[in-house]
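Remarks on the overall topology
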Amino acid sequence: MTLNPDLPIQFSRTHRLQWEEAQQKNVILYPEGMVELNASSAEILKLCDGTRTITQIVSDLEEKFATQGLFNDINAFLEVALQNGWIHQN
Amino acid sequence: MAGYTKTNITPPRWLLAELTYACPLQCPYCANPIDYAKHDSEISTEDWKRVLTQARKMGAVQLGLSGGEPLVRKDLTEIVKHARDLGYYSNLITSGYGLTEEKIVQLKEAGLDHIQVSIQASSQELNDHIAGTTSFEHKKQVAHLVKKHGYPMVLCVVIHRENIHQMADILAMAEALGADYLELANTQYYGWAHANRDLLLPTKEQFEEAEKIAQAFKETVAGKMKIYYVVPDFHEDRPKACMNGWGTTFLTIAPDGVALPCHSARDLPNLDCPNVNDVSISEIWNDSKAFNFFRGDDWMQEPCRSCDEKEKDFGGCRCQAYLLAGDMYATDPVCSKSPNHYVIDEAIESARNAALAENEKPLIFRNSKNSKLLSN
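Heads up: these notes are all about the structure in this document. What you see as residue numbers is a count from 1 along each chain, following the sequence as written. Written order decides the labels, with chains lettered from A and ligands numbered from 1. At least 70 in pLDDT is required for a residue's local features to be given in this predicted model, at least 80 for side-chain atom pairs to be given and counted, and no such filter applies to totals for whole chains, interfaces and linings, which use all residues. Excluding hydrogens and water, the side-chain values take into account all heavy atoms of the structure.

Points about a negative patch on the surface
We count it as follows: A patch consists of residues whose relative accessible area exceeds 30% and which take part in no salt bridge; residues with like charges are grouped when within 9 Å of each other, and nonpolar side chains (Val, Leu, Ile, Met, Phe, Trp, Tyr) when within 5 Å. Values of accessible area rely on a 1.4 Å probe in the Shrake-Rupley scheme; residue burial ignores everything except the protein chains shown. Note on definitions: salt bridges are taken to be side-chain nitrogens of Lys or Arg within 4 Å of carboxyl oxygens of Asp or Glu. We score Asp and Glu as negative and Lys and Arg as positive, and we do not count His or the chain ends. A single reference atom marks each charge: NZ on Lys, CZ on Arg, CG on Asp, CD on Glu. The helix and strand labels rest on DSSP assignments: H or I over at least four residues marks a helix, E over at least two residues marks a strand, and numbering proceeds from the N terminus.
Residues Glu208(B), Glu211(B), Glu236(B) and Asp237(B) make up a contiguous surface patch of negative charge. Take Glu208(B): it is sitting in helix α9 (residues 204-220).

Structure follows, in structure tokens:
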């Protein structure tokens, strides 16, 4: 299972992405578990709304943070997210 | 007093709400205390809402709605709704008994995140025998309905000597039911399971065989189904990191409002566990004797005290030390470094002998009658 660059990416319907005030960070919640996210991972996942492909996510974030060369980092994270079932493509 | 230094208290993350001890099933490995029939009062809907609000404010985010059978509580939907409004991720931990499609929809609308259905075995005959109730077909139906209504479906099967030979069939059943997660929970020997241990504890060979089958299966369903494996600690060399460390992560509230650092802690002597009707969750978590009792490592004896693994397993389980070594400060006897480790070998041997004996004694089923008999 690897990321298809041509398909939009959707955050999983059976997971929940949520800001935790007590922890001052975003977390992914799923049955009996929780993953704490750093700020950049949370920014990427928030754009996985079922309309954007990886190319669009990269360009949106490069624009937002006025930087370049984010593709490799974002791609690596999304591959992990896909393996963990946090996102899907179909 | 042991460990009574308030250093580095982390906030609770997991709130286990044991809504009731009432249950239509009679599983002989139930995690509820043997004397549960004595604790038959239940706190009110408003009490539960207050508990949820206070714990959430401190940082609790995972909520287990358990029991007994939580569906017995008439106010379950109202509690779920309150939990969702507060931002909890709520897990209904149920036998599925009495769960209708209408209720599944109602709970979904109230904001329930997931339903964990327990099944006792892969065959009707054994399931219904262990549950002490005819429930197998209904449970499978419930599992289908849980999927149908978009919940992540977690199937939980408690593993012991009566069903461990069904491992391959249990895995096939989980796949056929479309489980997103399968919890293979090796029986933990407290409460009712402790009373029935000679009849429930599998041999090492049985564990190894079952684990091999489960491992091979895990690879074939990678990406489709996640498998949680609750380790059979009697056959390990090191104890489990019980509760992720005492008073670090988990907060259990029993049906009568007693706050516990773990759901078995009610059996430990002189903890003076506080009640949510007397004090706030914040006072319970930060200031109570019970929650500070085994925090840190000042309470440890040798060999834990000087052990280089003490920060990994925190000395293991206090309830198991008390139950098996008669001393709640002792190293968990599961650890091969424990001077009491021989009690584990004896337990395994005793269970093996019981398995080979021609006349096995009957299982003691979990019900109010047996609870009263055993706790008098």
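Here the narrative resumes.
Concerning the interface of chain A and chain B
Rules: By the convention used here, residues are in contact when the closest approach between their heavy atoms is within 4.5 Å. For any pair of parts, buried area is found by adding up, for both, the accessible area (1.4 Å probe) each one loses once the two are put together. Pairing of N or O atoms within 3.5 Å defines a polar contact, subject to two protein rules: one partner must be a possible hydrogen donor and the other a possible acceptor, and residues neighboring in sequence count only if both atoms are side-chain atoms.
With 15 residues of chain A at the interface, the matching set in chain B holds 23 residues. For the pair chain A and chain B, the summed buried surface comes to about 1,500 Å²; carbon and sulfur atoms form 50% of the total. For the chain A face of the interface with chain B, the top three residues by lost area are Arg16(A), Pro31(A) and Glu32(A), together amounting to 44%. Note that Arg16(A) is salt-bridged to Asp113(B), the shortest N-O span being 2.6 Å. Viewed at the interface, chain B and chain A are joined by 11 residue pairs in polar contact (both at pLDDT 80 or more).

Things to note about the sheet that holds strand β3 (residues 89-94) of chain B
All names here are of chain B. The test is simple: In this analysis, strands are considered paired if DSSP registers two or more bridges between them. Only the stretch in contact is used when a helix axis is fitted, and all axes are lines through C-alpha atoms; the angle between N-to-C directions ranges over 0 to 180 degrees.
Spatially, 9 strands are ordered β7-β6-β5-β4-β3-β2-β1-β8-β9 in an open sheet, and the strand pairing comes out mixed. Of all the strands in the sheet, the pair left with one neighbour each is β7 (226-230) and β9 (259-260). Packing against the sheet, helix α5 (residues 136-148) makes contact with β4 (114-118) and β5 (153-159), and its axis sits at approximately 165 degrees to β4.

Details of helix α3 (residues 71-83) of chain A
Working note: α-helix, 3.6 residues per turn, so residues spaced by three or four point in the same direction. Residue and element names in this part refer to chain A. Using the following cut-off: Multiplying one less than the number of residues by 1.5 Å gives the expected span of a helix.
An ideal rise of 1.5 Å per residue puts 18 Å on 13 residues; α3 measures up with 18 Å between its terminal C-alpha atoms. Buried residues in α3 make contact with α1 (39-46), α2 (54-64) and β5 (87-88). The first or second residue beyond α3 is glycine 85, which carries a positive phi of 80 degrees.

Some thoughts on the layout of surface pockets
So the rule is basically this: We place a 1 Å grid over just the protein atoms. Points where a 1.4 Å probe fits but has no way out form a cavity, open points with protein on both sides within 12 Å along at least 5 of 7 lines form a pocket, and any residue with an atom within 4 Å of a point lines it. Grid points are joined across faces, edges and corners, and a volume is the space filled by probe spheres set on the points. Side-chain classes follow a simple rule in which Ala, Val, Leu, Ile, Met, Phe, Trp, Tyr, Cys and Pro form the nonpolar group, Asp, Glu, Lys and Arg form the charged group, and the remainder, Gly included, forms the polar group.
In this model, the second largest pocket occupies a volume close to 590 Å³. Going through the elements one at a time, α3 and β5 of chain A together with β7 of chain B are the ones with two or more residues in the lining of the second largest pocket. Taken together, the residues that form the lining of the second largest pocket break down as 9 nonpolar, 11 polar and 6 charged.

Details of the pairing of strand β1 (residues 14-18) of chain B
Residues and elements named next belong to chain B. Short version of the rule: Using a 1.4 Å probe on the protein chains alone, a residue whose accessible area is under 20% of its type maximum counts as buried, one over 50% counts as exposed, and one in between counts as partly exposed. Assignment of crossover handedness uses the view with strands pointing away from the viewer, where a clockwise path from the first strand over the helix to the second indicates a right-handed crossover.
Burial analysis of β1 places 5 of its 5 residues in the buried class, which makes it a mostly covered element. Of the two faces of β1, the one carrying Trp14, Leu16 and Glu18 and the one carrying Leu15 and Ala17 are both buried. Crossover β1 to strand β2 (residues 62-66) through helix α1 (residues 45-58) is right-handed. Bridge analysis of β1 against strand β8 (residues 250-253) gives 4 bridges, and the strand direction is parallel. Looking across to β8, one finds that tryptophan 14 is bridged to phenylalanine 250.

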